[in-house]
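Observations on chain architecture
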Amino acid sequence: MSADPIYLDYAATTPMDLRVAERMRTVQSTAWFNPASNHVAGRTSAAVVEHAARQLGSLLNADGSSFLWTSGATESNNLAITGSARQREHRGKHLITMRTEHKAVVDVFRALEKLGFDVTWLAPDADGLLPITRLEEALRSDTQLVSVMHVNNETGAIQDIAAIGEICQQRDVVFHVDGAQAAGKIPVDLATLPVDLYSLTAHKFYGPKGVGALIGRSGVPLAPIMFGGGQQRRIRPGTLPVDLIAGLGEAAALAQAHLSDDLDCLVALKSDLLLALQSVDGLYVNGPEDGGYPGILNVGVDGIDGESLLLALEPLCVATGSACNSQSQEPSYVLRALGRSDQQAQSAIRFSLGRMTTSTEINKAISLYCKAVDNLRNLAPEAVA
Ligand SMILES: Cc1ncc(COP(=O)(O)O)c(C=O)c1O
């Protein structure tokens, strides 16, 4: 019988909290109506959606009336970037983003390049952070949008969103943030952060898959990228999935209640993991070594191939590069942008921890990793890159 999996891939997705599932079941049986229907049943569902907006608004300190419900962060990013770029095309066709963004941002900009937009791809420093001077130098009179993610999904680097947003505000440039790995995981205060558009997705913080939101500062107009009914101010039409939205709201309320305890536990677990792994010869951290989101630790080791390592690590569930990209054998473009070689990027393993992670699991992960590196170095020369 194979050993039980040890799940350390919470950046890929998290299990749904049972209280979230319970809330969704209640809504499925009592408020399954169309919230756009103008009758008493429809109003019951509309009230459920409003309640979820209040729960999410409370987590992020944001006004629920400016939310757009979407199918997840991929859609939120598409709508924010394409919707804003198209709406403000008259302002100019220059857009700025980073080379270390998630595919759900990178590929939107690539599509816009094909439509004639001019995109500047900023490189991070060796820790994955954006040097503010690079942004200042890249801004032009025809720049209309900047998009920089909050927490990096591969390295855990946390960008200085306040400083970036302030510069954008001074230049009247729309600032979009992909917050998929930040919302519900680190404190986010959208009332004080100078952010115009913020994307998030419920399944990264113990909510259901297939639902997310785009939080917009009022006064930031977006051109729709889908067309249909009159829902959500016609910017994102389609019947709202009330149960999924209720689940997102409940997950947001639970995240708010657990945030500080979760972070304390993650800091302690990551520090144990890092301390133990540092005994491995040739090991280095990809991303900020003494900082960053405590739920993510990305390490590489010289002379070892990542795919062989991943196999040798079973039953440990971790990622090489981005999980969304794991079908591809290409070295992670995020780690390449940090200055890692192809071989170094390919040897990278991302451990991502979550609310259910225990110190027993961390100890097993440490022992599996150390043994796997030793075995590959001693026994399988073909696995050594
Ligand atoms: C930073 C980041 N942005 C966007 C996404 C896409 O989110 P979703 O799968 O909910 O569309 C992910 C998911 O891995 C992510 O980590």
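Coordinates for the structure precede this section.
Reference entry: report on the structure contained in this document. Bear in mind that the values here come from a model prediction, so they are computed numbers and not experimental data. The residue count restarts for each chain, going from 1 along the sequence in the order it is written. In view of the model being predicted, local features appear only for residues whose pLDDT reaches at least 70, and side-chain atom pairs are presented and counted only at 80 or more, with totals across whole chains, interfaces and linings using the full set of residues. To get the side-chain values, all heavy atoms of the structure are used, and hydrogens and water are removed first.

Take the site of the ligand next. Here, proximity means that at least one heavy atom of the residue falls within 4 Å of the molecule or strand. Close to the ligand lie 14 residues, the nearest being T74, D178, Q181, T201 and K204. Side-chain atoms alone can form a polar contact between residues adjacent in sequence; in general such a contact is a pair of N or O atoms within 3.5 Å, and within protein one must be able to donate a hydrogen while the other accepts it. For the ligand, an oxygen atom lies 3.3 Å from a polar atom in the backbone of A73. Separating an oxygen atom of the ligand from a side-chain N or O atom of T74 is a distance of 2.6 Å. The protein chains shown are the only cover counted for residues, whose accessible areas, like all others here, come from Shrake-Rupley with a 1.4 Å probe. When isolated, the ligand has an accessible area of 390 Å², and the protein chains bury 89% of it. Secondary structure follows DSSP: runs of H or I at least 4 residues long count as helices, runs of E at least 2 residues long count as strands, and numbering of each begins at the N terminus. Per element, the largest residue contribution to the shell around the ligand is three residues, and it comes from helix 3 (residues 73-87). Residue composition of the shell around the ligand, by class: four nonpolar, eight polar and two charged. When residues are grouped by polarity, Ala, Val, Leu, Ile, Met, Phe, Trp, Tyr, Cys and Pro land in nonpolar, Asp, Glu, Lys and Arg in charged, and all others, Gly among them, in polar.

Moving on, we get to the side chain of D178. Within the fold, D178 resides in strand 6 (residues 174-178). K204 provides the closest opposite charge to the buried, unpaired D178, separated from it by 8.8 Å. For D178, the side chain forms a polar contact with the side chain of N77, separated by 3.1 Å. At 3.0 Å, the side chain of D178 forms a polar contact with the backbone nitrogen of A180. It only takes one pair of heavy atoms within 4.5 Å for two residues to be counted as in contact. With near-sequence residues (within four places) excluded, D178 lies in contact with N77, E101, H102, V105, V148, M149, H150 and S199. When a residue's accessible area, from a 1.4 Å probe over protein chains only, is under 20% of the maximum for its type it is buried; when over 50% it is exposed; and in between it is partly exposed. Counting rule applied: Lys, Arg positive; Asp, Glu negative; His and chain ends not counted. Any Lys or Arg side-chain nitrogen located within 4 Å of an Asp or Glu carboxyl oxygen qualifies as a salt bridge.

What follows deals with the pairing of strand 6. The element strand 6 is largely enclosed, with a buried count of five among its five residues. Along strand 6, one buried face is formed by V174, H176 and D178 and the opposite face, lined by F175 and V177, is buried too. By the bridge criterion, three bridges tie strand 5 (residues 143-147) to strand 6 in an arrangement that is parallel. Within strand 6, the residue paired with V146 across the bridge is F175. In this region the chain leaves strand 5, passes through helix 6 (residues 161-170) and returns to the parallel neighbour strand 6; the handedness of that crossover is right-handed. Strand pairing is assigned whenever DSSP detects at least two bridges linking the two strands. Strand direction decides the pairing type here: strand 6 and strand 7 (residues 197-201), joined by three bridges, are parallel. Bridge assignment links V177 to a residue of strand 7, and that residue is Y198. Handedness of a crossover is defined as follows: with both strands directed away from the viewer, a clockwise route from the first strand across the helix to the second makes it right-handed.

Right, let's get into helix 6. Inspection of helix 6 places I161, I164, G165, I167 and C168 among the buried residues, and these make up the whole buried set. All buried residues of helix 6 project into a common sector of 160 degrees when viewed along the axis, lining one side. Helix 6 presents Q169 and Q170 as exposed residues on the side facing more than 90 degrees away from its buried surface. Structurally, helix 6 contributes buried residues whose contacts are with helix 5 (132-138), strand 5 and strand 6. Downstream of helix 6 by a residue or two, D172 has a phi angle that is positive, lying close to 55 degrees. Starting at the helix axis, one direction is taken to each C-beta atom, and the arc is that of these directions.

One way to put it is that helix 2 (residues 40-60) packs onto helix 7 (residues 242-277) with a least axis distance of 8 Å and a crossing angle of 30 degrees. One element, helix 2, and the other, helix 7, form an angle in the roughly parallel class. As for the relative orientation of helix 2 and helix 7, their crossing is left-handed in sense. For the pair helix 2 and helix 7, contact is made by S45, V48, V49, A52, Q55, L56, S58 and L59 and by V242, I245, A246, L248, G249, E250, A252, A253, A255 and Q256, respectively. Its residues placed into classes, the contact of helix 2 with helix 7 shows twelve nonpolar, five polar and one charged. The angle between two axes is taken between their N-to-C directions and runs from 0 to 180 degrees, where each axis is a line fitted to C-alpha atoms and a helix contributes only its stretch in contact. Roughly parallel means an angle under 35 degrees; roughly antiparallel, over 145; roughly perpendicular, 65 to 115; everything else is oblique. What makes a crossing left-handed is the near helix being turned counterclockwise from the far one by less than a right angle; a clockwise turn instead makes it right-handed.

A separate point is unusual backbone geometry. Note: most residues except glycine have negative phi, and most peptide bonds are trans. A cis amide bond, omega 15 degrees, links E314 with the succeeding residue P315. Tracing the backbone through its elements, the reader meets P315 in the loop between helix 8 (306-312) and strand 11 (316-317). A positive phi angle, near 65 degrees, is found at R234, a position not held by glycine. Of note, R234 is situated in the loop between strand 8 (212-216) and helix 7. For R234, a relative accessible area of 53% gives the class exposed.

Here the structure, examined in full by the defined rule, presents 14 salt bridges. E113 is paired through a salt bridge with R110; the nearest N and O atoms lie 3.3 Å apart. In this pair, E113 and R110 are both assigned in helix 4 (residues 103-114), three residues apart and thus about one turn of the helix distant. Among the ionic pairs, D142 bridges to R140, the shortest N-O distance being 2.9 Å. For D142, a relative accessible area of 26% translates into the label partly exposed. Beyond isolated ion pairs, a larger network of salt bridges with shared partners links D17, R19, D262 and R355.

With that settled, consider the sheet that holds strand 8. One open sheet holds the seven strands; their spatial order is 2-8-7-6-5-3-4, and the pairing between them is mixed. Every other strand in the sheet has two partners, leaving strand 2 (67-70) and strand 4 (118-122) as the edge strands with one partner each. For this sheet the average axis-to-axis angle between neighbouring strands, irrespective of direction, equals 20 degrees. Relative to the sheet, helix 3 contacts strand 2, strand 3 (94-98), strand 5, strand 6, strand 7 and strand 8, its axis offset from that of strand 7 by approximately 160 degrees. Packing of helix 4 onto the sheet brings it into contact with strand 3, strand 4, strand 5 and strand 6, and relative to strand 4 it is tilted by some 145 degrees.

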